[in-house]
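Below, each chain spelled out in residue letters.
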Amino acid sequence: MDEQDFMRGRVYGADHEDAAPRPGRRYAQLVAGPLDGLLLDVTDRPAHTRADSVVLPTEIGRYGPGGRTVYAPRPADPGRFDWRGDLP
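Each residue is numbered by its place in its chain's sequence as written, counting from 1. In view of the model being predicted, local features appear only for residues whose pLDDT reaches at least 70, and side-chain atom pairs are presented and counted only at 80 or more, with totals across whole chains, interfaces and linings using the full set of residues. As a rule here, side-chain values come from all non-hydrogen atoms in the structure, and water together with hydrogens is ignored.

Visitor: Looking at this model, I keep getting lost on the pattern of salt bridges. Mind explaining?
Guide: Side chains that carry opposite charge are capable of pairing whenever their charged atoms lie near each other. Think of a salt bridge as a Lys or Arg side-chain nitrogen and an Asp or Glu carboxyl oxygen that are within 4 Å of each other. One pass over the full model with this rule turns up five salt bridges. Among the ionic pairs, Asp41 bridges to Arg25, the shortest N-O distance being 3.0 Å. Taken together, the residues Asp41 in strand S2 (residues 39-41) and Arg25 in the loop between helix H1 (3-7) and strand S1 (27-31) connect sequence positions 16 residues apart. What makes Asp41 partly exposed here is its relative accessible area of 30%. A 1.4 Å probe rolled over the protein chains alone gives each residue an accessible area, and that area as a share of the maximum for its type sets the label: buried under 20%, exposed over 50%, partly exposed in between. The class of Arg25 is partly exposed, set by a relative accessible area of 34%. For Asp82, the salt bridge is made with Arg74, and the minimal N-O distance between the two is 2.7 Å. According to the relative accessible area criterion, Asp82 is buried, its value standing at 14%. Overall, the relative accessible area of 29% leaves Arg74 in the partly exposed class. Three or more residues joined by partner-sharing salt bridges are found here, namely Arg25, Asp41 and Asp44. Going along the chain from the N terminus, every DSSP run of H or I of four or more residues is numbered as a helix, and every run of E of two or more is numbered as a strand.

As structure tokens, then:
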């Protein structure tokens with residue numbers, strides 16, 4: 001199993017030992033970029049911000065440790081967030 005297969009279906013930001021999705025929570029799939037295949041918990045995301053992009057810290061993006069990556073909800077499918085690029 002390679003790193004990408006390992007990460008699929010896991011929740012971004014969750015403890016590595018318990019990164020499975022939890023019942024009663026809503027998730028969006030991160031598509032492309034460094035976090036491809038991870039799930040983002042959007043359960044507590046207010047309705048007025050659901051169309052906004054999210055900036056997520058990651059060490060595996062273009063800028064390495066301290067870097068961030070940007071994902072935005074897909075207009076026709078809010079259950080998927082598409083990668084928009086990395087930030088230092």
